Amino acid sequence: EPGWARAREEAEAALQELREVVRPVREPGYGEALRRKAERARKRRLRLQRRKLEARAAKEEEAARAAEREAKIDQWRAKCIQEVEEKNREQELKAAADSVLSEVRKKQADTKRMTDVLRGLEKLRKLRKEAAARKGVCPPPSADEAFENQVESLKTLLKTRTELYEAEERALRVMLEGEQEEERKREMEKKQKKEREKLLQQKLEIDSKLFGDPAEFPLAHLLQPFRDYYLQAEHSVAALIQIRHEWDQYLVPADHPEGSCIPPGWVLPSLPTSDTWATAVR
């Protein structure tokens with residue numbers, strides 16, 4: 001029938017198309033080529049993933065370094081601000097103390113001037129009294145007594161003020177000397193801190209040369225038994241005595257022809273003299 005004939009033709013055409021599709025699969029080497037293609041795709045996918053992970057790690061590392069730089073900058077800025085504030089406070093305190101000291105000195109100068117004026121009044125009254133006596137005029141004893149009482153009262157007042165101002169000056173000088181001593185102490189502490197940091201940095205450099213850089217060698221804990229062995233004298237008196245006894249056997253004078261003195265510190269390794277040695281050291 002025409003319907004069956006048409007269906008048969010369509011089926012044969014589909015079968016032929018299917019054969020054309022599966023024909024490359026039956027060819028020799030197709031499986032190997034497909035495997036190589038799949039392997040290349042897998043390697044490419046892994047390479048892209050690795051690059052993505054490396055880029056992410058680099059980005060995180062850069063962010064960490066940036067955060068560390070920012071933290072150091074903030075710490076340095078805070079330290080500078082603190083130093084400036086301390087210096088400003090010291091200058092303000094010194095300026096205030098100098099101002100008060102200047103005021104005290106001015107008061108002392110006024111008191112001295114008043115004392116000089118009082119002496120001048122005594123001399124003037126004595127001269128006028130002598131001139132009046134030559135003319136036959138003598139003031140009554142009550143006038144002399146009143147003048148002397150008034151002068152003594154003023155002298156007592158000026159003496160009290162002088163002692164008070166001297167005490168204030170001494171107190172201010174003690175305060176200024178105390179501030180200067182504190183400043184010298186702070187400067188000495190800063191200097192000692194810098195020296196300690198310098199010595200610590202030198203020790204870290206020496207330890208890095210002897211035991212390796214902890215940043216490049218994360219398994220530094222594996223060296224802990226060796227450190228415990230070489231530093232046992234710091235924790236045990238018996239070990240210290242034993243080590244000193246062993247070292248003392250080799251103590252010789254500096255000019256001894258068969259030996260040399262024990263070095264005062266670590267003996268650092270010399271620099272490599274060849275590329276082969278350098279590669280072995282690295």
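Residues numbered from 1 in each chain as written. Predicted model: local features only at pLDDT ≥ 70, side-chain atom pairs only at ≥ 80, totals over all residues. Heavy atoms only, no water.

- The name an unreviewed UniProt entry assigns to the protein is PDCD7 protein, from the organism Setophaga kirtlandii.

Overview of the overall build of the protein
Then, number 1: Within the protein, the regular secondary structure consists of 6 helices and 0 strands.
Then, number 2: Its helices and strands in sequence order give the protein the pattern α-α-α-α-α-α, from N to C terminus.
Then, number 3: Taking contacts inside the protein between residues at least 6 apart in sequence as the whole, the part at least 24 apart equals 61%.
Then, number 4: Entry remark: accessible area of the protein is about 24700 Å², with carbon and sulfur atoms responsible for 57%. (Helix = DSSP H or I, 4+ residues; strand = E, 2+ residues; numbered from the N terminus. Contact = heavy atoms within 4.5 Å. Areas by Shrake-Rupley, 256 points an atom, 1.4 Å probe, with all protein chains shown as cover.)

A short note on the UniProt feature "coiled-coil region" (unreviewed entry) in the protein
Then, number 1: When the UniProt feature table is mapped onto this chain, "coiled-coil region" (unreviewed entry) is found at residues 31-79 and 177-205.
Then, number 2: Between the C-alpha atoms that bound residues 177-205 the distance is 42 Å, and the span itself is 100% helix and 0% strand. (UniProt positions renumbered as here; feature names shortened; annotations may be inferred.)

Observations regarding the nonpolar core
Then, number 1: Within the largest apolar cluster, 6 residues are counted, these being A97, L101, V104, Y165, L172 and L176.
Then, number 2: Counting only elements with at least two residues in this core, the list comes to α2 (30-134) and α3 (141-211).
Then, number 3: Once you skip the residues sitting within four places of it in the chain, V104 turns out to touch Y165, E168, E169 and L172. (Core = buried A, V, L, I, M, F, W, Y, C linked by side-chain atoms within 4.5 Å. Buried < 20%, exposed > 50% of the residue type's maximum accessible area, 1.4 Å probe, protein only.)

Looking at a positive patch on the surface
Then, number 1: There is a patch of like positive charges on the surface, built from K79, K190, K193, K194 and R196.
Then, number 2: Examining the composition of the positive patch, we find that 4 residues originate from one element, α3, more than from any other.
Then, number 3: Relative to the assigned elements, K190 resides in helix α3.
Then, number 4: Accessibility expressed as a relative area gives 38% for K190, which makes it partly exposed. (Patch = residues over 30% accessible without salt bridge, like charges linked within 9 Å, V, L, I, M, F, W, Y side chains within 5 Å. Salt bridge = Lys/Arg side-chain N within 4 Å of Asp/Glu carboxyl O. Lys, Arg positive; Asp, Glu negative; His and termini not counted. Charge placed at Lys NZ, Arg CZ, Asp CG, Glu CD.)

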